[in-house]
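Analysis of the macromolecular model
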Amino acid sequence: MTAIRHAVYADSNAPNVLFMPGMFNETLQLLSDAHEYFFMFGDDDQKRIDNTIQPLYSCEMSRITLRLSSVMAWIMAQRAVFNGKISREEAVLHYGLDFQDACLVDNRALHGILPSYVCYLLDRTLELYERVLRLDSQMKPLH
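Notes on the structure in this doc start here. (Residues numbered from 1 in each chain as written. Predicted model: local features only at pLDDT ≥ 70, side-chain atom pairs only at ≥ 80, totals over all residues. Heavy atoms only, no water.)

Tallied over the full model, the rule gives 4 aromatic pairs. With 5.1 Å between their ring centres and 35° between their planes, Tyr 117 and Tyr 120 make a pair best called tilted. A residue pair is termed a helical-turn pair when its members lie 3 or 4 positions apart in one helix, as Tyr 117 and Tyr 120 do in helix 6 (residues 116-139) at 3 residues. According to the relative accessible area criterion, Tyr 120 is partly exposed, its value standing at 31%. Among the aromatic residues, ring-to-ring pairing joins Tyr 37, Phe 38, Phe 41, Tyr 117 and Tyr 120 into one connected group. The ring of Phe 24 carries Arg 79 above its face, with NZ or CZ at 4.3 Å from the centroid. (Phe/Tyr/Trp six-rings, centres within 6.5 Å; stacked < 30°, edge-to-face > 60°. Helix = DSSP H or I, 4+ residues; strand = E, 2+ residues; numbered from the N terminus. Buried < 20%, exposed > 50% of the residue type's maximum accessible area, 1.4 Å probe, protein only. Lys NZ or Arg CZ within 6 Å of the ring centre and 35° of its normal.)

Spelled out as structure tokens, the structure:
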């Protein structure tokens, strides 16, 4: 199976797809962690924080969700390329990593302002998004 993966991505400009299971599992785990936090503690944390911070809290919860859904959509597109469902060119043209302006915001200034687990999720999802963005940029042809 590994030989097949290498043959499919023999193009030197393409990243090695061996990262996919690990990255997929990491993204899925972060999605699960975020869901569990939002479901179990989100409402309580939102009630505990100052009213002036609540819109920021909601915005950052949305940013976490946006980062994770963008990464998962990108991974699914790469799997579609790997499985021959779409071409690499189609993936680059139509299924690149989205919402960079919103997703690349560095949230470190929010440490100590927002609940610590939200900050943890912000940090982890930013790091994941940045890694996928580097892979996405490797997929694009140089002009």
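Now that the structure is up, let's keep going.
A few words now on the packing of helix 3 (residues 54-82) against helix 6. Two elements in contact, helix 3 and helix 6, have axes separated by 9 Å at closest approach and are oriented at 35°. Viewed along their axes, helix 3 and helix 6 form a crossing whose handedness is left-handed. Contacts from Tyr 57, Glu 60, Arg 63, Ile 64, Arg 67, Leu 68, Ser 70, Val 71, Trp 74 and Gln 78 in helix 3 reach Val 118, Leu 121, Leu 122, Thr 125, Leu 126, Leu 128, Tyr 129, Val 132, Leu 135, Asp 136 and Met 139 in helix 6. When grouped by side-chain class, the residues that make up the contact of helix 3 with helix 6 number 14 nonpolar, 3 polar and 4 charged. (Axes fitted to C-alpha atoms, helices over the stretch in contact; angles between N-to-C directions. Left-handed = near helix turned anticlockwise from the far one by under 90°. Contact = heavy atoms within 4.5 Å. Nonpolar A, V, L, I, M, F, W, Y, C, P; charged D, E, K, R; others polar.)

The subject of this paragraph is the pattern of salt bridges. A complete count under the given rule lists 6 salt bridges for this structure. Two residues, Asp 106 and Arg 108, come together in a salt bridge whose shortest N-O distance is 2.3 Å. A relative accessible area of 59% places Arg 108 in the exposed class. The network of salt bridges with shared partners includes Glu 26, Arg 124, Glu 127 and Arg 131. (Salt bridge = Lys/Arg side-chain N within 4 Å of Asp/Glu carboxyl O.)

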